[in-house]
Amino acid sequence: MCIRDRRAAMALLKKFAESITDINLLVLNAGVMTPRYHLTKDGAELTIAANHLGHFLLAELLGPTLAANAARGRDCRVVVVSSSLHRVAARALDALPDAAARRAAVTDLRGDARAYGLFPRYALSKLMNVLHARALARRRPAVAAIAVHPGCVYTDVTRSLPWPVRAAHALAVPCWLLFQKLPPHGAHATVHAALAPELAAAENAGRSPYVADCRAEAPGLPRDADALADALWGASAAYAGAG
């Protein structure tokens, strides 16, 4: 969900979480592209707020229930829908001069209006998804945390982009459909991550598998990935508890 107002979002999420007394599976799926730099009421850049922070808040609120059910022997999972574009952000981080610069880039939830770019910011949000799943798996090893690339799927992700881009996207539909999946087929990887026995927590010992097109493969991670995942977790938790 998009959290333009953190307090309002937290109130809604808490009410929702309190209504969930029994849950084995949580799927976190958001893919917002924003053409211009925009801050939420609480000072987070909108793409990061929608694609990562909303996921983080919901996973934290439902985490205790998932962990309790896992302790009862249930197969509990969190599936975080990312994108292969996370590799672009990982390469950009590795181009930075040192670990401190990489950490600063990953924990900067506000961003910089002067340096804002639609695709780099979207790619960073999708890398945050992968790092979030990685941190979840280590913090709650009894609950599987799986990052997923659904493949190239034809959706309305361009809905917020300028009208010439939307028009070009619509006109190109016949060509897109030659190599893009329709949404029902795009859901296959998510369903696979939710159900495949080999992706259960018991089979992965605190590791976060990465699934692309229903196949497990190595994600494109930057150097110091675990340290970056911990740093992102800390920044996200601080945001969630601020004010």
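Residues numbered from 1 in each chain as written. Predicted model: local features only at pLDDT ≥ 70, side-chain atom pairs only at ≥ 80, totals over all residues. Heavy atoms only, no water.

(A) Representation of the overall build of the protein chain within the structure. Along the backbone of the protein chain there are 10 helices and five strands. Counting all 243 residues of the protein chain, 47% fall into the buried class. For the protein chain, restricting intrachain contacts to residue pairs at least 6 apart in sequence, the fraction spanning at least 24 positions comes to 82%. Only carbon and sulfur atoms are counted for the fraction: they give 60% of the accessible area of the protein chain, which is about 11600 Å². (Helix = DSSP H or I, 4+ residues; strand = E, 2+ residues; numbered from the N terminus. Buried < 20%, exposed > 50% of the residue type's maximum accessible area, 1.4 Å probe, protein only. Contact = heavy atoms within 4.5 Å. Areas by Shrake-Rupley, 256 points an atom, 1.4 Å probe, with all protein chains shown as cover.)

(B) Geometry of the packing of aromatic side chains. In total, this model carries two aromatic pairs according to the counting rule given. Aromatic pair Phe-56 and Trp-233: ring centres 5.0 Å apart, planes at 80 degrees, arrangement edge-to-face. Separated by 177 residues along the polypeptide, Phe-56 in helix 2 (residues 46-71) and Trp-233 in helix 10 (residues 225-241) bring together distant segments of the chain. For the pair formed by Phe-56 and Trp-233, the shared burial category is buried. The aromatic ring of Trp-233 is capped on one face by Arg-139, whose charged end is 4.3 Å from the ring centroid. (Phe/Tyr/Trp six-rings, centres within 6.5 Å; stacked < 30°, edge-to-face > 60°. Lys NZ or Arg CZ within 6 Å of the ring centre and 35° of its normal.)

(C) Molecular detail of empty space enclosed by the protein. The tally for this structure, following the rule as stated, stands at three cavities of 30 Å³ or more. Looking at the largest cavity, its volume works out to about 60 Å³. Every residue along the wall of the largest cavity is listed here: Ala-59, Gly-63, Leu-66, Val-78, Leu-136, Arg-140, Val-143, Ala-144 and Ala-145. Broken down by element, the lining of the largest cavity gets its largest block of residues, three residues, from helix 2. (1 Å grid on protein atoms, 1.4 Å probe; cavity = no way out; pocket = protein on both sides within 12 Å on 5 of 7 lines; lining within 4 Å. Points joined across faces, edges and corners; volume = space filled by probe spheres on them.)

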